[in-house]
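Understanding the architecture of this molecule
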Amino acid sequence: MPYVDLVAVGDRVRVSTPVSAENNGYIEECLPRETQFGRIRMDGWRQVIVANLEMLLIIFAARHPTLKLRMLDRFLVTAEASDVEPVICINKMDLAKLENVQRELKLYEELGYKVVYTSIVTGLGVDGLREVMQDKISAIVGSSGVGKSSLLNALQPGLQLRTGEVDTRVHKGRHTTTEVMLLPLAFGGFVADTPGIRTLGLLEVDDEQGMDIHFPEMRPYIPDCKFAACTHQHEPACAVKWAVETGNINPLRYESYLRISGFKEGRYERNTDKRRAERNPRRRKR
Ligand SMILES: Nc1nc2c(ncn2[C@@H]2O[C@H](COP(=O)(O)OP(=O)(O)OP(=O)(O)O)[C@@H](O)[C@H]2O)c(=O)[nH]1
Ligand SMILES: [Zn+2]
């Protein structure tokens, strides 16, 4: 078990104030965390970036920059690995046709992920996003230019100014830690948004557990693999690969699984007759 940060932003704590001065006190107890969103550093330290995070808001643009579904898979794994609910937000919908983008995201909606479509130009989905974030502790991720700042400003004018203040503080000789501040939302809830969080891809990867459990569509097949420690790459009688071949798991998601697991380039190749026969010997005889 790696070393863990004792207290982090988002923790619920019991404080005693022996000195009756404002902002003075001792943290006596840190209450158990429901989630710890962070990363395991090279030295084995589990850095908790936000404790008790409830929602990861994953922002992409419909266009400019291009919608990258493989990157979306990475963010989703990050959320799954930290037990944080992911919400996918596709911004700049004024630049694309709703039905085209919805077609691209259909797979994710079928997997049970919530998808919100927004535009700060037309105002589409901004109220909906506010509802999704209300009374929750959320963090925003997404690459540069997708409209994270613009969306925050649309949600609550002035909020971005405060994030700006946080950014300046973070950069002042504090390069070893990721400073995070939870910004209170007037409509209820908090949002964490710093450059440190924004671009994080894979935050928490547990070496002992495979990546497969972070792909909800793979979970039902994992127990049916012949080998308990199946990596679903080349093992015989792998139920996950069989599900890919029979169309029950999307091949692109499977490629993402391979890539994120670091197994290979992540190209899915259709099964050969030989491997199919291994799995289903009766078929070969016919
Ligand atoms: N057409 C259109 N443009 C948008 C929308 N949202 C943001 N933009 C524009 O996209 C550009 C980038 O927006 P930002 O809000 O700065 O993006 P960001 O994700 O905060 O970028 P970083 O700060 O680099 O991480 C700006 O020129 C915005 O005006 C939108 O819904 N539609
Ligand atoms: Zn398998």
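Higher on the page you've got the structure.
The paragraphs below set out a description of the structure included in this document. (Residues numbered from 1 in each chain as written. Chains lettered and ligands numbered in written order. Predicted model: local features only at pLDDT ≥ 70, side-chain atom pairs only at ≥ 80, totals over all residues. Heavy atoms only, no water.)

1. Some words on the overall build of the protein
To keep things clear, this is the line we draw: By the criteria applied, helices consist of DSSP H or I runs no shorter than four residues and strands consist of E runs no shorter than two, each listed in order from the N terminus. Partly exposed residues are those whose accessible area sits between 20% and 50% of the maximum for their type, while under 20% is buried and over 50% is exposed, using a 1.4 Å probe and protein chains only. Here, residues are in contact when the closest pair of their heavy atoms is within 4.5 Å. The Shrake-Rupley method, run with a 1.4 Å probe, gives the accessible areas here. Residue values count only the displayed protein chains as cover.
When helices and strands are tallied, the protein shows ten helices and eleven strands. Scored against the burial criterion, the 286 residues of the protein give a buried share of 44%. In the protein, the share of contacts with a sequence separation of at least 24, taken over all contacts with a separation of at least 6, comes to 63%. With an accessible surface of roughly 15600 Å², the protein has 51% of that area assigned to carbon and sulfur atoms.

2. Things to note about the packing of helix α1 (residues 69–81) against helix α2 (residues 98–110)
What counts here: Angles here are taken between N-to-C directions and fall from 0 to 180 degrees, while the axes themselves are lines fitted to C-alpha atoms, restricted in helices to the stretch in contact. The scheme is simple: roughly parallel for angles under 35 degrees, roughly antiparallel for over 145, roughly perpendicular for 65 to 115, oblique for anything else. Left-handed describes a crossing whose near helix is turned anticlockwise from the far helix through less than a right angle; right-handed describes the clockwise counterpart. Under the scheme applied, nonpolar residues are Ala, Val, Leu, Ile, Met, Phe, Trp, Tyr, Cys and Pro; charged residues are Asp, Glu, Lys and Arg; polar residues are all the others, including Gly.
Contact geometry for α1 and α2: axes closest at 12 Å, N-to-C directions at 25°. In terms of orientation, α1 and α2 fall into the roughly parallel class. Crossing geometry of α1 relative to α2 is assigned as right-handed. Where α1 abuts α2, its residues L69, R70, L72, D73 and L76 lie against E104, L105 and Y108. Classifying every residue of the contact of α1 with α2 gives five nonpolar, no polar and three charged.

3. Some points on the environment of R259
Tracing the backbone shows R259 in helix α8 (residues 251–261). Note: C-alpha distance between R259 and R70 (189 residues apart in sequence) is 9.3 Å.

4. Re the site of ligand 1
Note the cut-off: Note on definitions. A residue lies near a molecule or strand when any single heavy atom of the residue is within 4 Å of it. Distance and chemistry together define a polar contact, namely a pair of N or O atoms within 3.5 Å, with one atom able to donate a hydrogen and the other to accept it when in protein, and with adjacent residues in sequence counting only for side-chain atoms on both sides.
Near ligand 1 you find 16 residues, and of these D94, I120, S144, S149 and S150 are the closest. A distance of 3.1 Å separates a nitrogen atom of ligand 1 from a polar atom in the side chain of N91. Out of a free accessible area of 650 Å², ligand 1 has 66% covered by protein chains. With three residues, helix α4 (residues 148–155) is the largest single contributor of residues to the shell around ligand 1. For the shell around ligand 1, the per-class residue count stands at four nonpolar, eight polar and four charged.

5. So, the side chain of S256
Counting through the fold element by element, S256 comes out in helix α8. If we skip the residues at most four places from it in the chain, S256 touches R70, D73 and F215.

6. Remarks on the nonpolar core
Quick reminder of the rule: Residues belong to a common nonpolar core when they are buried Ala, Val, Leu, Ile, Met, Phe, Trp, Tyr or Cys residues joined through side-chain atoms within 4.5 Å.
Counting 30 residues, the largest nonpolar core has L72, I88, I90 and L105 as the members making the most contacts within it. Counting residues per element, the ones that place at least two in this core are β5 (45–51), β6 (55–61), α1, β7 (85–91), α2, β8 (114–117) and β9 (136–141).

7. Here we look at α1
How we decide: An expected span of 1.5 Å times one less than the residue number is assigned to each helix.
Taking 1.5 Å of rise per residue, 13 residues should cover 18 Å, and α1 covers 18 Å from first to last C-alpha, within 8% of that figure. With respect to burial, α1 is a largely interior element, ten of its 13 residues being buried. Those residues of α1 not exposed but buried are L69, L72, D73, F75, L76, V77, T78, A79, E80 and A81. Of the residues trailing α1, D83 is marked for its positive phi of about 60°.

8. So, the packing of α1 against α8
Packing of α1 against α8 leaves a shortest axis separation of 10 Å and a crossing angle of 65°. In terms of crossing hand, the pair formed by α1 and α8 is right-handed. When α1 is examined against α8, the residues R70, D73, R74, L76 and V77 are found in contact with a partner set consisting of L252, R253, S256, R259 and I260. For the contact of α1 with α8, the class distribution of residues is four nonpolar, one polar and five charged.

9. Considerations on the pattern of salt bridges
As a reminder of what qualifies: By definition, a salt bridge exists where a carboxyl oxygen of Asp or Glu is found within 4 Å of a side-chain nitrogen of Lys or Arg.
Across all of its chains, the model carries eight salt bridges by this definition. Two residues, D73 and R70, come together in a salt bridge whose shortest N-O distance is 2.9 Å. Highlighted residues: D73 and R70, both in helix α1, separated by three residues, approximately one helical turn. For the salt bridge of K106 with E110, the shortest nitrogen-to-oxygen distance reads 3.1 Å. One end of the pair, K106, and the other, E110, are both in helix α2, four residues apart, so they sit about a helical turn from each other.

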